[in-house]
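Residues per chain are reported as follows:
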Amino acid sequence: MADVEVDRRGAVLTITLNRPEVLNALNASLHAGLAAALEQARDPAVRAVVITGAGRGFCVGQDLQEFRGSGARDVADRLRTTYHPNVLAIRALEKPVIAAINGPAAGAGLSLALACDARIAAESAKLVPAFVDIGLVPDSGGTWLVRRLVGAARGFEWLSTGRRLEAGEALSWGLVSEVVSDEELPARAQEVAELFAAMPTRAVWETKRLLDAAETTTFEGQLELEARTQAQLVRTPDFREGVAAFLEKRDAHFSGRPEPRTHPVQLVVNDDLKRWRLTVALRMVLVLPHLLVLAGWGVVALPVTVVNWAIALVRGRPADGLTAWSARLVRYQTHVYAYYDLAADPYPGFRGWAGTYPVDVDIEPAGPQARWKTLLRVVLVLPAYVFWYVLNQVVSIVAFLGWFYAVVMGRYPRGFRDFTTYYLRFQAQTWAYLLLVTDRYPSLAHNPPVSSQVAPSAPASDSGTSTTPTSE
Ligand code: LHQ
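Nothing here was measured: the structure is a model prediction, and the numbers come from that model. (Residues numbered from 1 in each chain as written. Predicted model: local features only at pLDDT ≥ 70, side-chain atom pairs only at ≥ 80, totals over all residues. Heavy atoms only, no water.)

Every one of the 25 residues lining the ligand counts as a neighbour, but Arg 56, Val 60, Gln 62, Leu 64 and Ala 108 are closest to it. The contact in question runs from a nitrogen atom of the ligand to an N or O atom on the backbone of Gln 62, over 2.8 Å. At 2.9 Å from a nitrogen atom of the ligand is found a main-chain nitrogen or oxygen belonging to Leu 64. The protein chains hide 69% of the 1000 Å² of surface that the ligand would expose on its own. Of all the secondary-structure elements, those providing two or more residues to the shell around the ligand are helix H2 (64-70), helix H3 (75-92) and strand S5 (104-106). (Near = heavy atom within 4 Å. Polar contact = N/O pair within 3.5 Å; in protein donor to acceptor, adjacent residues only side chain to side chain. Areas by Shrake-Rupley, 256 points an atom, 1.4 Å probe, with all protein chains shown as cover. Helix = DSSP H or I, 4+ residues; strand = E, 2+ residues; numbered from the N terminus.)

Spelled out as structure tokens, the structure:
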């Protein structure tokens, strides 16, 4: 029997840790099996995941026999390479993960349960910090998760005394959402998972992501994240279905399908059209350091792309690391030119991180790419490049005229901004194509703003924040 069993029923994937003789203590093989199972759970057809243990335990953390055998060296590395990827994978899973705690959850096994999005406990479940009993601190996210779930005061007392929490007490602390009999647990976990799986999966995932983000974001930052997320969710089939079902007074049937992805490289615009006259007046000078950095970055991009090109030809897909680097260059270029061409006002950062600028690029991770498209990329890109070049000339004139308007009025005309973002989207798609970030050809079509797609009668506000995804 494998150390981790995976069972799929409908849209629910159940992962069972399977070393019952040691209460599913974590050894190298169990870590690897869990990693593989979590990878399987990424399948979009899986819309909820259950993690549970075989036998009478959930998971009791590090296998101390194995640990004693391996010596105490490189503990930090062991955590980084085996524990962290799995708890991070659970947090990153774009669907709810439910821990069905069938018995003792101790040490890193407790952290694993707490990293899940919901917990159901069997009557015989026990939550055992265990770390302090052997002179350690909680790891694998234990301190972060406990603080978040029960607060610092109660968390400190619990973790520093190692008190074993029975299922009923865990329920009263809010650590588990319900307690059922041992026999009932598997069926109840499946039932709860099916309920989650029937929900609009993308909205559930975004809720998980936003709650995590709230741990480190300011209130203003969180408002902005919520607004951006909402702007994306209103494009999903599940939003349309939810609204239609409400209006037609029937039950909604959510598919969990993402919004139809039009192009893997999309522009996201959150600009309020207000401009600060002084920085507009000095824009040509202020942008110079960025143009220099961009030029330097562009020089490095040449050898990087040649190497990636060779890799993509051999493997049929470009190297993830190199492609992510090129994607960041595309994003940085967009931030800089959005600033330069007055499509946005704040001074851009120098790193090209996603989500850091009002005119941003959303880029899907690169997948396999057709070899013939890779081989001929430099030739294929030429028509798009010529069109981009023409657009570039027109945008320069638009920005020149808009500059006077912005200096006088302290805001930028919406039409000018929208034309410039059309150009920036086409530019991002063209450079992403050339730099092997995607093998989808740049698209000419420009989607109207989200608000006019989903609510045709809503009045367009000239000053409000808008999100303008662009697509074929
Ligand atoms: C075990 C274990 C176990 C091996 C029960 N290993 N066999 C990361 C990286 C680097 C360094 C160290 O730490 C970490 C993270 C961590 O997770 S540290 C925390 C490690 N975990 C623990 O310290 C928990 C130790 N276990 C217990 O305290 C008890 O087993 C609890 C309270 C969880 C359950 O108690 P009982 O229900 O009474 O079960 P039991 O103690 O009788 O255990 C049943 C069997 O499982 C027994 O084997 P045996 O052959 O005697 O039947 C245990 O030896 C074995 N087992 N935990 N972590």
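Another aspect to go through is the pattern of salt bridges. When the charged atoms of two side chains with opposite charge come close together, those side chains can pair. According to the stated counting rule, one finds 24 salt bridges in the structure shown. Between Asp 117 and Arg 91 there is a salt bridge, with its nearest N and O atoms 2.8 Å apart. Of this pair, Asp 117 sits in the loop between helix H4 (108-115) and strand S6 (118-122) while Arg 91 is found in helix H3, placing the two residues 26 residues apart along the sequence. The partly exposed category is assigned to Asp 117, whose relative accessible area is 28%. As a salt-bridge pair, Asp 212 and Arg 91 come within 3.0 Å of each other at their nearest N and O atoms. Here Asp 212 is found in helix H9 (residues 201-214), whereas its partner Arg 91 is found in helix H3, with 121 residues between them in sequence. Arg 91 matches Asp 212 in its accessibility class, with the two residues each being buried. Several salt bridges share partner residues, and in doing so they unite Arg 91, Asp 117, Arg 148, Lys 208 and Asp 212 into one network. (Salt bridge = Lys/Arg side-chain N within 4 Å of Asp/Glu carboxyl O. Buried < 20%, exposed > 50% of the residue type's maximum accessible area, 1.4 Å probe, protein only.)

This part takes up the sheet that holds strand S8 (residues 165-166). Within the open sheet, the three strands sit side by side as S5-S7-S8. Their pairing is mixed. Of all strands in the sheet, those bounded by a partner on one side alone are S5 and S8. Where S5 lies against strand S7 (residues 126-128), three bridges are found, and the strand directions are parallel. From the neighbouring strand, Ala 105 faces S7, where its bridge partner is Leu 127. Here H4 sits on the sheet in contact with S5 and S7, set at roughly 100° to S5. (Pairing = 2+ DSSP bridges. Contact = heavy atoms within 4.5 Å. Axes fitted to C-alpha atoms, helices over the stretch in contact; angles between N-to-C directions.)

Moving on: the packing of helix H1 (residues 28-40) against H3. Between H1 and H3, the shortest axis-to-axis distance is 10 Å and the interhelical angle comes to 25°. In terms of orientation, H1 lies roughly parallel with respect to H3. H1 and H3 meet at a crossing whose hand is left-handed. Together, His 31, Leu 34, Ala 35 and Leu 38 of H1 and Thr 82, Tyr 83, Asn 86, Ala 89 and Ile 90 of H3 make up the contact between the two elements. Looking at the contact of H1 with H3 residue by residue, the class counts come to six nonpolar, three polar and no charged. (Parallel < 35°, antiparallel > 145°, perpendicular 65-115°, else oblique. Left-handed = near helix turned anticlockwise from the far one by under 90°. Nonpolar A, V, L, I, M, F, W, Y, C, P; charged D, E, K, R; others polar.)

Here the protein averages 91 in pLDDT, while 93% of its residues score no lower than 70. Contacts of residues 448-472 to residues separated by more than four positions or lying in other chains number 60 contacts, the stretch itself having pLDDT below 50. (pLDDT = per-residue confidence, 0-100.)

Further remarks concern a nonpolar patch on the surface. A cluster of nonpolar side chains, namely Trp 309, Trp 372, Leu 375, Leu 376, Val 378, Val 379, Leu 382, Tyr 385, Val 386, Tyr 389, Val 390 and Val 394, defines an oily patch on the protein surface of about 1100 Å² accessible area. Mapped onto the nonpolar patch, the elements with two or more residues apiece are helix H16 (371-375), helix H17 (377-380) and helix H18 (382-409). Sorting elements by how many residues they give to the nonpolar patch places H18 first, with six residues. You can see Val 386 is positioned in helix H18. Overall, Val 386 belongs to the exposed group, its relative accessible area being 52%. (Patch = residues over 30% accessible without salt bridge, like charges linked within 9 Å, V, L, I, M, F, W, Y side chains within 5 Å.)

Moving on: the packing of aromatic side chains. Centre distance and the angle of the planes are the two values used to describe a pair of aromatic rings. Counted under the stated rule, the structure contains 14 aromatic pairs. When the centroid spacing of 6.5 Å and the interplanar angle of 65° are considered together, the rings of Tyr 347 and Phe 350 count as edge-to-face. On the basis of relative accessible area, Tyr 347 is assigned to the partly exposed category, the value being 38%. When its relative accessible area of 36% is taken as the criterion, Phe 350 is described as partly exposed. By the ring-pair criterion, three or more aromatic residues cluster together here, those being Trp 297, Trp 325 and Tyr 332. Lying over the aromatic face of Trp 353, Arg 328 brings its terminal NZ or CZ to 4.2 Å of the ring centre. Note that Arg 425 overlies the ring of Tyr 422, its terminal NZ or CZ placed 4.8 Å from the centroid. (Phe/Tyr/Trp six-rings, centres within 6.5 Å; stacked < 30°, edge-to-face > 60°. Lys NZ or Arg CZ within 6 Å of the ring centre and 35° of its normal.)

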